[in-house]
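These are the residues of each chain, in order.
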Amino acid sequence: SDLKHAEILYSKLTGAGLKVWWDKKCLKPGVPWNEGFCDGMVQSLVFLPLLSRDAINHPSVDKQNFSHLTRSSNCDNVLLEHRLAMELVERGIITNIYPVLIGDF
């Protein structure tokens, strides 16, 4: 699953001494996800999105299937995260985006 891959990556990066902000580990109780996530992104140097087929092309969840999105679609967090990261790169807050492809791409 995507979560298993995220846990492995988190463990490897923190084990190598890197500071990693991951909402599953770093979001403080009671802080709304969007507020905590934005805070974490602004304090980051790079963004490592994990992309799997289900994350961007889910067979049964339209908001997680980029080919099914329309102007009036509800937005999924995956898409919001990437949009925020691109804006932060444009502003020089994040230096790079390094997508990590997992699964059968």
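Residues numbered from 1 in each chain as written. Predicted model: local features only at pLDDT ≥ 70, side-chain atom pairs only at ≥ 80, totals over all residues. Heavy atoms only, no water.

A separate point is the overall build of the protein chain. Counting its regular elements, the protein chain contains five helices and four strands. Relative to its full complement of 105 residues, the protein chain shows a buried share of 24%. Within the protein chain, counting contacts between residues at least 6 apart in sequence, those at least 24 apart form 57% of the total. (Helix = DSSP H or I, 4+ residues; strand = E, 2+ residues; numbered from the N terminus. Buried < 20%, exposed > 50% of the residue type's maximum accessible area, 1.4 Å probe, protein only. Contact = heavy atoms within 4.5 Å.)

Take helix α1 (residues 2-15) next. Side chains of residues three or four places apart in an α-helix project in the same direction, reflecting 3.6 residues per turn. Taking 1.5 Å per residue, 14 residues should reach 20 Å; α1 reaches 20 Å between its end C-alpha atoms and fits that length. Within α1 the residues assigned to the buried category are Ala6, Tyr10 and Leu13. Looking straight down α1, one finds its buried side chains confined to an arc of 75°; they lie on one side. Exposed and facing more than 90 degrees away from the buried side of α1 are Lys12 and Gly15. At its buried positions, α1 is contacted by α2 (23-26) and β2 (50-51). Gly17, located one to two residues past α1, shows a positive phi value of around 90°. (Expected span 1.5 Å × (residues − 1). Arc of directions from axis to C-beta.)

A separate point is the nonpolar core. Residues Phe37, Met41, Phe47, Ala85, Leu88 and Ile94 constitute the largest nonpolar core, which totals six residues. Put simply, the parts of the chain that give this core at least two residues each are α3 (33-42) and α5 (77-90). (Core = buried A, V, L, I, M, F, W, Y, C linked by side-chain atoms within 4.5 Å.)

So, about the packing of aromatic side chains. Any two aromatic rings considered together are summarised by their centre-to-centre distance and by the angle between their planes. Counted under the stated rule, the structure contains three aromatic pairs. The interplanar angle of 45° and the centroid separation of 5.5 Å between the aromatic rings of Tyr10 and Trp22 together place this pair among those described as tilted. Here Tyr10, found in helix α1, pairs with Trp22, found in the loop between α1 and α2; they are 12 residues apart in sequence, far enough to count as distant. Ring geometry for Trp33 against Phe37: centres 4.8 Å apart, planes inclined by 15°, an arrangement best described as stacked. Highlighted residues: Trp33 and Phe37, both in helix α3, separated by four residues, approximately one helical turn. Assessed through its relative accessible area of 8%, Phe37 is described here as buried. (Phe/Tyr/Trp six-rings, centres within 6.5 Å; stacked < 30°, edge-to-face > 60°.)

When you line up the elements, Ser44 lands in the loop between α3 and β1 (46-47). We classify Ser44 as buried; its relative accessible area is 18%. Residue contacts for Ser44: discarding those within four places in its chain leaves Ile93 and Ile94.

Any functional reading would require information beyond the geometric quantities listed.
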